[in-house]
Amino acid sequence: MMSNEKPEAVVSSSVKEPINNKPSTKALSKWAAFFAIQAAISVAAGAFGAHALNDMLNVKALGWWHTGSQYLMYHSLAGLIVVALSSYVPSCKSILVLFFIGNTVFSGSLYIMALTGYTFLGAVTPIGGLCYLVAWVCLAWRLWRSTAPKVALD
């Protein structure tokens, strides 16, 4: 073989590596941090709405703000629960992504709508809600089919 030639790699097609769909511990801790930040935003937004925006926005806009804060907290906690259950939930990354996008689209559109009055964003809000629904259904399905060690309930 000449010095500028590289040997060909030998690849065995008979050996299949198992596909590991479980996120790494580092990836899971980053997801947990994202959801903890979203939970903190929920608390700050809720307090801001209750105190600073109370006299500035009409009742309908305050309702949007309140709903955005509630759902942001509920689904931030849901994301943290999925991270905690990751050993029981195969392929949990898609569920985490759906909760994160749901939080951003659902709550974000309600916050913007409340502050600006751009009610056309009400057409975007259900996309976030759909992300929530799909995430919950995926979570239920994957928990139901989980092959993680069973724990006695009695």
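Residues numbered from 1 in each chain as written. Predicted model: local features only at pLDDT ≥ 70, side-chain atom pairs only at ≥ 80, totals over all residues. Heavy atoms only, no water.

Engineer: Run through the environment of Phe106, naming residues and quoting values.
Structural biologist: Tracing the backbone through its elements, the reader meets Phe106 in helix H3 (residues 93–116). Separated by 35 residues in the primary sequence, Phe106 and Tyr71 have C-alpha atoms spaced 8.0 Å apart. Apart from residues no more than four positions distant in its own chain, Phe106 is found in contact with Thr67, Tyr71, Ile101, Thr125, Gly128, Gly129 and Tyr132. (Helix = DSSP H or I, 4+ residues; strand = E, 2+ residues; numbered from the N terminus. Contact = heavy atoms within 4.5 Å.)

Engineer: Pulling in residues and values, what's your account of helix H1 (residues 25–51)?
Structural biologist: For H1, with 27 residues, the first-to-last C-alpha span of 39 Å sits near the 39 Å given by 1.5 Å per residue. Among the residues of H1, Leu28, Trp31, Ala32, Phe35, Gln38, Ala39, Ser42, Ala45 and Gly49 are the ones counted as buried. Looking at the buried positions of H1, the neighbouring elements they touch are helix H2 (59–84) and H3. (Expected span 1.5 Å × (residues − 1). Buried < 20%, exposed > 50% of the residue type's maximum accessible area, 1.4 Å probe, protein only.)

Engineer: How would you summarise the confidence of the model for the chain if you had to cite specific residues and measurements?
Structural biologist: Mean pLDDT over the chain works out to 86, with 81% of the residues at or above the 70 mark. Contacts from residues 9–19, a stretch scored under 50 in pLDDT, to residues over four places away or in other chains number zero contacts. (pLDDT = per-residue confidence, 0-100.)

Engineer: Explain the environment of Ile81 to me, and be specific about the residues and the numbers.
Structural biologist: You can see Ile81 is positioned in helix H2. For Ile81 and Phe35, which are 46 residues apart along the polypeptide, the C-alpha to C-alpha distance reads 9.9 Å.

Engineer: Give a detailed account of the nonpolar core, specifying residues and quantitative values.
Structural biologist: By size, the foremost hydrophobic cluster in this structure holds 31 residues, and its most contacted members are Val82, Ile95, Leu96 and Phe99. The contacts of Ile95, once residues within four sequence positions are left out, are Val82, Val89, Ala135, Cys138, Leu139 and Arg142. (Core = buried A, V, L, I, M, F, W, Y, C linked by side-chain atoms within 4.5 Å.)

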